[in-house]
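Structural features, examined
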Amino acid sequence: MQTLLSTSSWNEAYRRTSYKFGERVASEATGELQHLGEEGLLFTDDRLLKEYVPSEELGLKALCLNVAHCCNMACRYCFVPSQVRAENDLMSPEVVKAAIDFLLRETPYNYLSIDFFGGEPLLNFEAIELAVNYALEEGSKRGKKWKFTLTTNTLLLNERVFSLAKKHNFCMVLSCDGRPEVHDYYRVTPNGKGTQARVVRKIREFLDHWCVDEYYVRGTYTRRNLDFCKDVLYLADIGAESISVEPVASEPGPEYALRREDLPVIRKEYFRLARLLREREKQGKKIAFYHYCIDPQGGPCVAKRLTGCGAGYQYLAVTPEGEIYPCHQFVGHSEWKMGDVWQGITSPEIREKFLNAHVYQKEPCKKCWARFLCGGGCHAQAALIEGDLLRPHPISCEIVKNRLEAALYYIALGHQAESEEETLVGKSS
């Protein structure tokens, strides 16, 4: 489809697709696209392009509680501003309760989420315990249901933490970049020591004894490990069945920042990962890679497809001092402060900016094939790197599109394997 759009030539699109994926795939894809064209379902006008107005009913449903700005690690690629990391602040019980009261006061929804984040949130585990108990107690009076998520570098995981997570079925996000030489280069203690061996021990303990229904072992790839397939497979080999590996969030300049010339390598690696994961499935080893778990036939509602993560109006971050920001990546950038948990939103114009930062307001998104699958990209990268909430970060856009194409390829490989299996069963019977 991408080649067809860029060349306007069926022959050229068929030739390039055959070269990459074989004549059978190229023939099937050509036939399906031509059929869609004959049915009037290809290149149709988008009636929402001029009509869409975001609903004011899109209210607050999730908080990210930065219960600790301090951290027991000193990751060299950390996106948290240095002045924030130096604060060593912990969220007080008063702020915890006020934040949850604010959410309950403002939300129109019955299903709510709280993400515990940092810094390292387990440096303030008492605040996490308090938040869970207070949310359940106060929420029950209003018929609210809760989903809790904890993102941790794992070093402080212990039986007390595991027990709370298990009891309340937390979604756990456990940070590990993969191979020892990759992880230990960036994810270090304040005195510069690598942490990979300790992290892997904690992850194995979690997987063996405390695993919850939803978790991800989450890594970050940089220019140093563009061969991140090896890190995904490493994490799978230590027992992880749900894995997410994300591109580093960074302004241009640092040696670890991804560059435009890295994009062809990244694209190939995502497609390689799709093939490797399907090969492992044939061996009975199913691995859920977060970005390949998409549903082209269903998936999020229309509003979510148009607006993405909901930062700034459906999802807000709260600092240890009780300040409110559009998301955790904006913390420390005072121009994006929206209010606090006692007064509520005192800068409603910021909320309006985010509410209106949907795909139809972003020029690069209007004609992009991926807009309804990515929701317009990361607001923080647009605002903090590009300087404009309506200007998606170009390198991130290309990575997302490459990843989505690889996800569709992964799905197609699965359908192909099912078809081949049905053929074999048919012959044997």
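First, a word on what this report is: a plain description of the structure on this page. (Residues numbered from 1 in each chain as written. Predicted model: local features only at pLDDT ≥ 70, side-chain atom pairs only at ≥ 80, totals over all residues. Heavy atoms only, no water.)

Remarks on the pairing of strand 5 (residues 214–221)
Filter applied, for reference: Partly exposed residues are those whose accessible area sits between 20% and 50% of the maximum for their type, while under 20% is buried and over 50% is exposed, using a 1.4 Å probe and protein chains only. Secondary structure follows DSSP: runs of H or I at least 4 residues long count as helices, runs of E at least 2 residues long count as strands, and numbering of each begins at the N terminus. Two strands qualify as a pair provided that DSSP identifies no fewer than 2 bridges between them. Here a crossover is taken to be right-handed if, once the strands point away from the viewer, the path from the first strand over the helix to the second is traced clockwise.
Counting buried positions along strand 5 yields six of eight residues, so the element is predominantly enclosed. Strand direction decides the pairing type here: strand 4 (residues 171–175) and strand 5, joined by five bridges, are parallel. In the strand pairing of strand 5, Ser-175 is matched with Arg-218. With five bridges joining them, strand 5 and strand 6 (residues 242–247) adopt parallel strand pairing. Paired with Thr-220 across the two strands is Glu-246, which belongs to strand 6. Crossover connection from strand 5 via helix 11 (residues 229–237) to parallel strand 6: handedness right-handed.

A closer look at the packing of aromatic side chains
Note the threshold: Two rings belonging to Phe, Tyr or Trp (six-membered ring only in the last case) form a pair when the distance between their centres is within 6.5 Å. Interplanar angles under 30 degrees mark stacking, angles over 60 mark edge-to-face geometry, and anything in between is tilted. Only lysine NZ and arginine CZ atoms are considered, and such an atom sits over a ring when it is within 6 Å of the ring centre and within 35 degrees of the ring normal.
On inspection of all chains with the given rule, the structure shows 22 aromatic pairs. The interplanar angle of 40° and the centroid separation of 5.4 Å between the aromatic rings of Tyr-77 and Tyr-186 together place this pair among those described as tilted. Pair noted here: Tyr-77 is in the loop between strand 1 (62–66) and helix 5 (82–85) and Tyr-186 is in helix 9 (residues 180–186), with a separation of 109 residues, a long-range link. A single burial state applies to Tyr-77 and to Tyr-186, both of which are buried. Here the aromatic rings of Phe-330 and Phe-354 are separated by 5.5 Å at their centres, their planes lie at 85°, and the arrangement is edge-to-face. Of this pair, Phe-330 sits in the loop between strand 9 (323–325) and strand 10 (339–340) while Phe-354 sits in helix 14 (residues 348–355); the two residues are 24 residues apart in sequence, bridging distant segments of the chain. These aromatic residues form a ring-pair network of at least three members: Tyr-77, Tyr-185, Tyr-186 and Tyr-256. Geometry around Tyr-185 places Arg-76 over its ring, the cationic atom sitting 6.0 Å from the centre. If you follow Arg-224 out to its NZ or CZ, it ends over the ring of Tyr-185, 3.4 Å from the centre.

A look at the side chain of Lys-401
Note the threshold: Polar contacts here mean pairs of N or O atoms no more than 3.5 Å apart (in protein, one a potential hydrogen donor and the other a potential acceptor; neighbouring residues in sequence count only if both atoms are side-chain atoms). Whether two residues are in contact is decided by their heavy atoms, any of which lying within 4.5 Å being enough.
Inspection of the secondary structure puts Lys-401 in helix 18 (residues 394–428). At 3.1 Å, the side chain of Lys-401 forms a polar contact with the side chain of Glu-398. Excluding its chain neighbours within four sequence positions, the residues that come into contact with Lys-401 are Cys-368, Trp-369 and Ala-370.

Concerning the environment of Asn-402
Residue placement: Asn-402 occurs in helix 18. Residue classification places Asn-402 among the buried positions, given a relative accessible area of 8%. Residues Asn-402 and Asp-227, spaced 175 residues apart in sequence, show a C-alpha to C-alpha distance of 15 Å. In this structure, Asn-402 is in contact with Leu-263, Arg-267, Tyr-270 and Phe-271, ignoring residues within four places of it in sequence. A distance of 3.0 Å separates a polar atom in the side chain of Asn-402 from a polar atom in the side chain of Arg-267.

Overview of the packing of helix 8 (residues 159–167) against helix 10 (residues 196–210)
A pair of packed helices is captured by two measures, namely the crossing angle of their axes and the spacing between those axes. This is how it is decided: Each axis is a line fitted through C-alpha atoms, and for a helix only the stretch in contact is used; angles between axes span 0 to 180 degrees, taken between their N-to-C directions. Small angles under 35 degrees read as roughly parallel and large ones over 145 as roughly antiparallel, with 65 to 115 read as roughly perpendicular and the rest as oblique. Helix crossings fall into two classes, left-handed where the near helix is turned counterclockwise from the far one by less than a right angle and right-handed where it is turned clockwise. Each residue gets one label: Ala, Val, Leu, Ile, Met, Phe, Trp, Tyr, Cys and Pro are nonpolar, Asp, Glu, Lys and Arg are charged, and the others, such as Gly, are polar.
Running from amino to carboxyl end, helix 8 crosses helix 10 at an angle of 45°, the nearest separation of the two axes being 12 Å. Judged by the inter-axis angle, helix 8 sits oblique to helix 10. Handedness of the helix 8/helix 10 crossing: right-handed. Residues Glu-159, Phe-162, Ser-163 and Lys-166 of helix 8 pack against Lys-202, Glu-205, Phe-206 and Trp-210 of helix 10. In terms of residue class, the contact of helix 8 with helix 10 is built from three nonpolar, one polar and four charged.

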